[in-house]
Amino acid sequence: MAERLKNYVGGEWIDSDAADVHEVRNPATGEVIGLTPLGGMADVSAAVAAAKAAFSSWRRVPVEDRVQPMFKLKSLLEDHAEELAQICTRENGKTVPESRGSVRRGIQMVEMACGAPSLLMGQVLEDVSGGIDCESVRQPMGVFAAITPFNFPAMVPMWFFPFAVACGNTFVLKPSEQVPFSAKLTWELAHDAGFPPGVLNLVQGGRDAVNAICEHPDIVGISFVGSSPVAEHVYKQGAARGKRVQALGGAKNFIFVMPDADMDHALDAITESAFGCAGERCLAASIVVPVGDCHDEVRDGLKARMARYKIGDGSKPETTLGPVISAPHKQKVLGFIETGVNEGAELVVDGRRAEMPSTGNFVGPTLFDNVTPEMTIGSEEIFGPVLCLMPMADLDSALQLTHDHPLANASSIFTTSGKSARQFRYDVDASMAGVNIGVAAPMSFFGFGGAKGSFFGDLKAHGRESFDFYTDRKVLISRW
Ligand code: NAD
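Residues numbered from 1 in each chain as written. Predicted model: local features only at pLDDT ≥ 70, side-chain atom pairs only at ≥ 80, totals over all residues. Heavy atoms only, no water.

Caption draft 1: Here's a closer look at the domain arrangement of the protein chain. Assigned domains within the protein chain: domain 1 (3-119 + 137-249 + 454-472) and domain 2 (253-435). The distance between the C-alpha centroids of domain 1 and domain 2 comes to 30 Å. Between domain 1 and domain 2 the total buried area reaches about 1700 Å² when both faces are included, carbon and sulfur atoms providing 57% of it. Linking domain 1 with domain 2 are 7 residue pairs in polar contact (both at pLDDT 80 or more). Of all the elements in the fold, those that place two or more residues in the side of domain 1 that touches domain 2 are α4 (81-92) and α5 (96-113). The element best represented in the side of domain 1 that touches domain 2 is α4, accounting for 3 residues. For the side of domain 1 that touches domain 2, the per-class residue count stands at 6 nonpolar, 9 polar and 4 charged. (Domains from an automatic or database assignment. Buried area = accessible area lost by both parts, 1.4 Å probe. Polar contact = N/O pair within 3.5 Å; in protein donor to acceptor, adjacent residues only side chain to side chain. Helix = DSSP H or I, 4+ residues; strand = E, 2+ residues; numbered from the N terminus. Nonpolar A, V, L, I, M, F, W, Y, C, P; charged D, E, K, R; others polar.)

Written as structure tokens, this is what we have:
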């Protein structure tokens, strides 16, 4: 029988009363590997009550003591990194090397949070007026919650909880109901690391749990990662109740290739960006824009590289392209391919015809040429292994594409010209930008997040901004 997932509340694993469950399936085989109870307000309230009760003592623990379980967690995550990567592959489908990479990025968040004693420091200025001194201190605020997506089951929860609790807050995670096992192991390790009961809590669920988090009066702030419509919903619902919200949404990332680029490097990096993690990355290349006269070289080079993929179960060492997350998502991606053909884009590589296992949610790498911004595949996020070419005559018109698109997550340019690189970084309308980089992913010590419809809020995920998001900066003015 498939395991029914539990909630973790007040330091204990407890059953949810929820009658409805989501069947968790291994995307490569279709096998049911778990049942996620779809909890609602009752489950969220129990977790928030435990977190609220723990807050008054946790915030008084000296920060140097608060980070000790974080150091322990870092060590336990290192010991269990391979196990976590295997779990991530089993529930999400990405290849084991891809899972390992994401676990590594997650552990780096824990490492950064261990620096809280320095990063939480405030500021002091003497004599702001005669004999009057002014200082600011960062204080924790209470119970924070995070809601995370399916595509990075181990890493994305780690974008938030290490920083939130290192700052002295207590925390409730609601992972994606499609991938609950990575968070389960992370929370088991956090339990062993010695966080006091109630500091870290976990609630299983889907839409009802999300709405309960938005509505709950004792949650002071929400970190969200997922699709743009849900990000906007969470932002509006949370903000309407006076909560802090940082909501990271979807993407449609443009990659520009200049005729002077180091073509081998550019095409290798773009292929990895578009098809790594089966295209289910918010930083994936979606639209490649060959600028000027490199169109044929880019198309032919991508086509040759795409032919090398070995599609299959991500847990097998020979696999280089795993499945997409679910059967409905596969149908959605196939629907985009169909629409691309119907709207007149040129199908250069048809991933539906690729060699792949007959069961599982596989879609082969797909390439369209002469895509326009008006086409569905030229404008909407596909979130699968489908890449579009949108040739442009010059860099000005190429960059204009980013200004015209409602999403603004990431973008990259491949060039050997400092002038083009400078124009790109100055003008591109995307908050994460790469020069000769296929996946412009900020590491733990920088903020992560897009702009326009890709991000709702102002303080982004991880980096120093986390210490602003998860604290109130109290200002004290004194005269003695
Ligand atoms: P999703 O929006 O479907 O789900 C995200 C979370 O919201 C899940 O926990 C889910 O249970 C919940 N949810 C889903 N539908 C809901 C609804 N109608 N009401 C309330 N809650 C709901 O996203 P996903 O499919 O899990 O993840 C893929 C999306 O996440 C893509 O759009 C991708 O670009 C985005 N993403 C963005 C970033 C980023 O940094 N901007 C990072 C990773 C993923």
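Further notes follow.
Caption draft 2: Broad picture of the packing of aromatic side chains. Summed over all chains, the structure comprises 16 aromatic pairs. Centroid distance Phe150 to Phe383: 5.8 Å. Interplanar angle 85°. Geometry classified as edge-to-face. Of the two residues, Phe150 sits in the loop between β8 (143-147) and α7 (155-158) while Phe383 sits in the loop between α15 (376-379) and β17 (386-389), which places them 233 residues apart along the sequence. Note on Trp159 and Phe448: the rings are 4.4 Å apart at their centroids and 40° apart in plane angle, and the pair reads as tilted. On the criterion of sequence distance, the pair formed by Trp159 in the loop between α7 and α8 (161-166) and Phe448 in the loop between β20 (432-435) and β21 (451-452) is long-range, its members being 289 residues apart. Of the two residues, Trp159 and Phe448, both sit in the buried class. Through pairs of rings, three or more aromatic residues link up here, namely Phe144, Phe469 and Tyr470. Lying across the ring of Phe181, Arg90 places its NZ or CZ 5.4 Å from the centre. (Phe/Tyr/Trp six-rings, centres within 6.5 Å; stacked < 30°, edge-to-face > 60°. Buried < 20%, exposed > 50% of the residue type's maximum accessible area, 1.4 Å probe, protein only. Lys NZ or Arg CZ within 6 Å of the ring centre and 35° of its normal.)

Caption draft 3: Examining the packing of α4 against α5 more closely. Here α4 crosses α5 at 125°, and the two axes come no closer than 8 Å. With respect to α5, the element α4 is oriented oblique. Viewed along their axes, α4 and α5 form a crossing whose handedness is right-handed. Residues Ala81, Glu82, Leu84, Ala85, Gln86, Cys88 and Thr89 of α4 form the contact with α5, whose own contacting residues are Val96, Ser99, Arg100, Ser102, Val103 and Ile107. Taken together, the residues of the contact of α4 with α5 sort by class into 7 nonpolar, 4 polar and 2 charged. (Axes fitted to C-alpha atoms, helices over the stretch in contact; angles between N-to-C directions. Parallel < 35°, antiparallel > 145°, perpendicular 65-115°, else oblique. Left-handed = near helix turned anticlockwise from the far one by under 90°. Contact = heavy atoms within 4.5 Å.)

Caption draft 4: The arrangement of the sheet that holds strand β7 (residues 132-139) in detail. Across the sheet, 3 strands lie side by side as β6-β7-β23; this open sheet has antiparallel pairing. Either end of the sheet is taken by a strand with one partner, and the two such strands are β6 (123-129) and β23 (472-479). The average undirected angle you get between the axes of adjacent strands in this sheet is 25°. Where β6 meets β7, 4 bridges bridge the pair, whose relative direction is antiparallel. Bridging from a neighbouring strand, Val124 pairs with Glu135 of β7. (Pairing = 2+ DSSP bridges.)

Caption draft 5: Expanded view of the sheet that holds strand β5 (residues 32-37). Taken together, 3 strands build an open sheet; the order of strands is β1-β5-β4 and the sheet is mixed. In this open sheet, the two strands that pair with only one neighbour each are β1 (3-4) and β4 (21-25). The sheet contact formed by β4 and β5 spans 5 bridges and is antiparallel. By the bridge assignment, Val24 is partnered in β5 with Gly34.

Caption draft 6: Geometry of the site of the ligand. Taken together, 26 residues lie near the ligand, and Thr148, Lys174, Glu177, Ser227 and Glu381 sit nearest. At 3.2 Å from an oxygen atom of the ligand is found a main-chain nitrogen or oxygen belonging to Gly226. Between the ligand and Glu381 there is a distance of 2.6 Å, counted from an oxygen atom to a side-chain nitrogen or oxygen. Its free accessible area being 840 Å², the ligand has 87% of it covered by the protein chains. Contributions of two or more residues to the shell around the ligand are made by α10 (207-215) and β11 (219-225). (Near = heavy atom within 4 Å. Areas by Shrake-Rupley, 256 points an atom, 1.4 Å probe, with all protein chains shown as cover.)

Caption draft 7: The environment of Gly418, seen in detail. With respect to the element layout, Gly418 can be found in helix α17 (residues 418-427). Spatially, the C-alpha atom of Gly418 lies 49 Å from that of Ala209, the residues being 209 residues apart in sequence.

Caption draft 8: Representation of the pairing of strand β9 (residues 170-174) in the model. Where burial is concerned, most of β9 is hidden: 5 out of the 5 residues are buried. Residues Thr170, Val172 and Lys174 point to one face of β9 and Phe171 and Leu173 to the other, with burial holding for every one of them. Sheet topology note: the β8/β9 ladder contains 5 bridges and is parallel. Across the sheet, Ala145 pairs through a bridge with Val172, a residue of β9. As paired elements, β9 and strand β10 (residues 200-202) share 3 bridges and run parallel to each other. Opposite Val172, over in β10, you have Asn201 as the bridge partner. Viewed along the sheet, the connection from β9 through helix α9 (residues 181-193) into β10 turns out right-handed. (Right-handed = clockwise from strand over helix to strand, strands pointing away.)

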